[in-house]
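A closer look at the structure
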Amino acid sequence: MKFRAAVTNVKHFYQVAQSIEKVAKKCIIRLSPASIEIICPNGNEEGVQVWSKINQEDLFSDYRVQSNAADTICAEIATDALVQVLRDLASSGKVETRETVMKLAKKGTDAVFTFETRDHDQTWAKGLTVSHSVRVQMIRPVEMEKVKEPLCPDPDVHIVTPPLKEMRVVLDRLKAYSSKIRFSANNSGELTLSAETDDGEELKTTWTDLVHPTIEAGEDAPPREAPDLGQHFGALMSAASLLKFMNTAVITPTTCIACICENHCLIMYVYIGEVLEQNGILTFYLPARLTGDED
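None of the values given here were measured: they were computed from a predicted structure.

Focus: the confidence of the model for the protein chain
Mean pLDDT for the protein chain: 86, with 85% of residues reaching 70 or above. Per-element confidence in the protein chain ranges from a low mean pLDDT of 88 for helix α1 (residues 10-21) to a high of 97 for strand β6 (residues 73-78).

Next up, the structure:
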């Protein structure tokens, strides 16, 4: 199997890796001719999973991937090691004069992703090549077939959230009163974060006039009754899992669509760049907590 590509958008690659690192210690990178997928299928201690898909043109040029498994390569990698390499690439030299090649290679008996950087700036280190290697664990196709995206019921609400940084400030205040946060929204542009104190008082913040995206149902989806626009649908969430998710605010610009499956989970779609450009999406699955769950 072979993989080689020139990294053309280090900023986005670094931001995606940062977001993934906030959620999980390891991730799977699946390289195929059309896209790069970064997957955290086992969840962290709060059960948060990530399934992301990025158009290869948004990160790479001269992109070549070959394997006997439909030209697809899957490898598990430590997220902190990937972040460290990409941080170095994003902060050294000048972007306009730097050339970075990422490829799959062997280092002794280990498989590694190598990042070879050469800078052509005469005032910096002209002609100097710097190489970074990150060890990976290759995943066989038969093992990858067992990695499945979570099955969820049809969401009751789809809504474009306020800026994640703004929501994180509110969440930081609420978590001082409770480790469980109710995340709810209706089909009339309202989204609420609320917490119940030990003495039964409810604290909440509500945003209004938010946008509901148009989501087309699948061909086999059963017809649904028109929703009561004012009815809130929600899920009781771990404050820790919501905070881990909201650390994806490092991606700029960010548009996030929240899909609420009442009392089951939140599905959060974070768009890389502008939505209409369709560069890629990070999909986060956050399981709900039952009222009787232990803290």
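Next, the rest of the story.
Details of the pairing of strand β8 (residues 110-119)
With respect to burial, β8 is a largely interior element, 7 of its 10 residues being buried. Hairpin connection between strand β7 (residues 98-107) and β8: a loop of 2 residues separates the two successive antiparallel strands, and Gly108 in this loop has a positive phi of roughly 70°. The pairing of β8 with strand β9 (residues 129-138) spans 8 bridges and is antiparallel. Its bridge partner being in β9, Phe115 is matched across the sheet by His132.

Side note on the packing of aromatic side chains
A full pass over the atoms with the stated rule returns 6 aromatic pairs. Their ring planes at 70° and their centres at 5.7 Å tell us that Phe3 and Tyr63 sit as a pair that is edge-to-face. Here Phe3, found in strand β1 (residues 2-7), pairs with Tyr63, found in strand β5 (residues 60-66); they are 60 residues apart in sequence, far enough to count as distant. Overall, Phe3 belongs to the buried group, its relative accessible area being 3%. A relative accessible area of 13% means that Tyr63 is categorised as buried. Three or more aromatic residues joined by ring pairs make a cluster, and in this case those are Phe3, Phe13, Phe60, Tyr63 and Phe113.

Regarding the sheet that holds strand β14 (residues 233-238)
The strand order across the open sheet formed by 4 strands is β13-β12-β11-β14, and the pairing between neighbours is antiparallel. Lying at the two open borders of the sheet, with one neighbouring strand each, are β13 (202-207) and β14. The sheet shows a mean angle of 20° between the axes of neighbouring strands, direction not considered. Pairing of strand β11 (residues 180-185) with strand β12 (residues 191-196) involves 4 bridges; the strand directions are antiparallel. Bridge pairing in β12 places Ser184 opposite Thr192.

Quick notes on the environment of Cys259
Inspection of the secondary structure assignment puts Cys259 in strand β15 (residues 254-261). When its relative accessible area of 2% is taken as the criterion, Cys259 is described as buried. Taking the C-alpha atoms as reference, Cys259 lies 9.8 Å from Tyr285; in sequence the two are 26 residues apart. Beyond its immediate sequence surroundings of up to four residues, Cys259 is in contact with Pro155, Val157, His158, Cys265, Leu266, Ile267 and Tyr269.

Some words on the packing of helix α5 (residues 164-174) against helix α6 (residues 239-246)
Orientation of α5 relative to α6, taken along the N-to-C sense of each, is 155°, at an axis distance of 10 Å. Regarding the angle of α5 to α6, the classification is roughly antiparallel. Considering only the axes of α5 and α6, their crossing is left-handed. Packed against α5, whose contacting residues are Leu164, Met167, Arg168, Leu171 and Asp172, the element α6 presents Ala239, Leu242, Leu243, Phe245 and Met246 at the interface.

A word on the environment of Val142
Relative to the helices and strands, Val142 is located in helix α4 (residues 141-144). For Val142, a relative accessible area of 44% puts it in the partly exposed group.

What to know about the packing of α1 against helix α3 (residues 79-91)
Closest axis-to-axis distance for the α1/α3 pair is 9 Å, and the angle between their directions is 150°. Between α1 and α3, the angle is such that the two are roughly antiparallel. For α1 against α3, the interelement crossing comes out left-handed. Only Thr79, Asp80, Leu82, Val83, Leu86, Arg87, Leu89 and Ala90 of α3 make contact with α1, whose side of the interface consists of Val10, Phe13, Tyr14, Ala17, Gln18, Ile20 and Glu21. Taken together, the residues of the contact of α1 with α3 break down into 10 nonpolar, 2 polar and 3 charged.

Focus: unusual backbone geometry
Even without a glycine there, the phi angle at Asp62 is positive, about 50°. Position of Asp62 relative to the elements: it lies in strand β5. The phi dihedral of Asn263 is positive, around 60°, even though this residue is not glycine. For Asn263, the location among the structural elements is in the loop between β15 and β16 (265-272).

Definitions and limits used
Residues numbered from 1 in each chain as written. Predicted model: local features only at pLDDT ≥ 70, side-chain atom pairs only at ≥ 80, totals over all residues. Heavy atoms only, no water. pLDDT = per-residue confidence, 0-100. Helix = DSSP H or I, 4+ residues; strand = E, 2+ residues; numbered from the N terminus. Buried < 20%, exposed > 50% of the residue type's maximum accessible area, 1.4 Å probe, protein only. Pairing = 2+ DSSP bridges. Phe/Tyr/Trp six-rings, centres within 6.5 Å; stacked < 30°, edge-to-face > 60°. Axes fitted to C-alpha atoms, helices over the stretch in contact; angles between N-to-C directions. Contact = heavy atoms within 4.5 Å. Parallel < 35°, antiparallel > 145°, perpendicular 65-115°, else oblique. Left-handed = near helix turned anticlockwise from the far one by under 90°. Nonpolar A, V, L, I, M, F, W, Y, C, P; charged D, E, K, R; others polar.

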